[in-house]
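Remarks on the overall topology
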Amino acid sequence: MPDSPLPLYHKVYLLLKQRLQAGGFPADAAMPGENALAAEYGVSRLTIRRSLEALESEGLIERRQGRGTFAAGNAPLSAPQQSSDIDALMAHLARMGMQTQVRLLELETVAAPPQVAARLELEPGTPVQRSVRVRSYQGLPFSHLTTYVPGDIGQGIRRKDLSSKPLLAIFRDQGVRVARAEQSISAVLAEPAVAGHLEVSVGSALLSLHRLVRDESDRPVEWLHALYRPDRYEYRMDMQAHDMPGEPAWLPAGAPARARA
């Protein structure tokens, strides 16, 4: 893990908390044991134990006698953020597709976990297609993309398509007419598997982007979680000042100004 003023157990605690809040540990199955977690995160068993104690004190995990340690429940979903202009998004992804390379790591049909099902407005356990890709520029990886689409759409998506086209271009070829997207951006710590693919140290800071894409009937057709190396990728947005009641405000260029309630 990278040097940091934080104690090692606290860095591992933050990584595990992030993973719990993202639904990385199913509530109906025991989490890996202390030895397995210690090996995964490259720390001692004592460090893992202290991290788990901190998580338990927050009510994020439960110790069940004779059964193991379990996630206490799914974290609440955050509210959708500012909608993106879909035409600008399509143009950006088309340019990215021509200038970068994609490596498909995983492609499978899975039962939708509760958080994914909620985003795609499906019943938990409904079949969805899950893909994991790493995108690179001039041979250097900069993004790790995990995407879920409803099963009826996913059955028409082939491995070679995901290795050569942005998903929105694949949608267009299938006749899925996307209309809008909701996305949010934050920062997270790199977990072991992702760190390896992006060639960074475990616990490094990454940009985290969630995007929900809807079609013209307002049906969710894609739920994306993208992780970016901040030293190789930046997210830009043109802003425009609006003179609104109360005080001026910055809004994305082209977004209509709305009076505040």
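Residues numbered from 1 in each chain as written. Predicted model: local features only at pLDDT ≥ 70, side-chain atom pairs only at ≥ 80, totals over all residues. Heavy atoms only, no water.

Description of the pairing of strand β8 (residues 205-215)
The following threshold applies: When a residue's accessible area, from a 1.4 Å probe over protein chains only, is under 20% of the maximum for its type it is buried; when over 50% it is exposed; and in between it is partly exposed. In this description a helix means any DSSP run of H or I spanning at least four residues, a strand means any run of E spanning at least two, and both kinds are numbered starting from the N terminus. Any two strands between which DSSP finds at least two bridges are classified as paired.
In terms of burial, β8 is largely enclosed, as eight of its 11 residues are buried. Looking at chain direction, strand β7 (residues 178-189) and β8 are connected through 11 bridges and run antiparallel. Paired with Ile 185 across the bridge in β8 is Leu 209. Two strands pair when backbone bridges link them, and β8 and strand β9 (residues 220-228) are joined in this way by eight bridges, in the antiparallel orientation. By the bridge assignment, Ser 208 is partnered in β9 with Leu 227. Adjacent in sequence and paired antiparallel, β8 and β9 are bridged by four residues, among which Asp 218 carries a positive phi angle near 75°.

Some words on the packing of helix α1 (residues 8-21) against helix α3 (residues 45-57)
What counts, and what does not: Comment: axis = line fitted to C-alpha atoms, over the contacting stretch for helices; angle = value between 0 and 180 degrees taken between N-to-C directions. Should an angle fall under 35 degrees it is taken as roughly parallel, and over 145 as roughly antiparallel, whereas 65 to 115 is taken as roughly perpendicular and any remaining angle as oblique. Left-handed describes a crossing in which the near helix is turned anticlockwise from the far one by less than a right angle; the clockwise case is right-handed. Residues count as neighbours in contact if any of their non-hydrogen atoms are within 4.5 Å of one another. Gly counts as polar in this scheme, as do all residues outside two lists: the nonpolar Ala, Val, Leu, Ile, Met, Phe, Trp, Tyr, Cys and Pro, and the charged Asp, Glu, Lys and Arg.
Orientation of α1 relative to α3, taken along the N-to-C sense of each, is 55°, at an axis distance of 8 Å. On the basis of the axis angle, α1 is oblique to α3. By crossing handedness, the relation of α1 to α3 is classed as right-handed. In this structure, α1 uses Leu 8, Tyr 9, Val 12, Tyr 13, Leu 16, Lys 17 and Leu 20 to contact α3, whose residues at the interface are Thr 47, Ile 48, Arg 50, Ser 51, Leu 52, Ala 54 and Leu 55. Of the residues in the contact of α1 with α3, the class split is 10 nonpolar, two polar and two charged.

Thoughts on the pattern of salt bridges
For clarity, the threshold we go by: We define a salt bridge as a contact between a side-chain nitrogen of Lys or Arg and a carboxyl oxygen of Asp or Glu at a distance within 4 Å.
One pass over the full model with this rule turns up 20 salt bridges. Residue Glu 56 pairs with Arg 63 through a salt bridge whose shortest N-O separation is 3.5 Å. Judged by relative accessible area, which is 35%, Glu 56 ranks as partly exposed. Between Arg 214 and Glu 182 there is a salt bridge, and its shortest N-O distance comes to 3.2 Å.

Some points on the nonpolar core
As a reminder of what qualifies: Note on terminology: a nonpolar core comprises buried Ala, Val, Leu, Ile, Met, Phe, Trp, Tyr and Cys residues joined through side-chain atoms within 4.5 Å. As used throughout, domain bounds are those supplied by an automatic or database domain assignment.
Leu 16, Leu 20, Tyr 41, Ile 48, Leu 52, Leu 55 and Leu 206 are the most contacted members of the largest nonpolar core, which has 25 residues in total. If you list the elements that add at least two residues to this core, you get α1, α2 (34-41), α3 and α9 (192-198). Ranked by the residues each element gives to this core, the list is headed by α1, at five residues. Counting contributing residues per domain, this core is built from domain 1 (8-71) and domain 2 (86-239), each supplying no fewer than three. In terms of nonpolar packing, the next biggest core, distinct from the first, is built from 14 residues, Ile 157, Leu 162, Val 178 and Val 221 among them.

As for the side chain of Ser 204
Selection rule: Here a polar contact is recorded for every N or O atom pair within 3.5 Å, except that within protein the pair must consist of a potential hydrogen donor and a potential acceptor, and residues adjacent in sequence are included only if both atoms are side-chain atoms.
Within the fold, Ser 204 resides in the loop between α9 and β8. For Ser 204, a relative accessible area of 15% translates into the label buried. Among the polar contacts made by the side chain of Ser 204, one reaches the main-chain carbonyl oxygen of Ser 201 at a distance of 2.7 Å.

Examining the environment of His 225
One can find His 225 in strand β9. Put simply, His 225 and His 144 are 81 residues apart on the chain and 8.3 Å apart in space, counted from C-alpha to C-alpha. Those residues in contact with His 225, other than ones at most four positions away along the chain, are His 144, Leu 145, Thr 146, Ser 208, Leu 209 and His 210. Separated by 2.9 Å, the side chains of His 225 and Ser 208 make a polar contact.

Shape is all these values report; function is a separate question.
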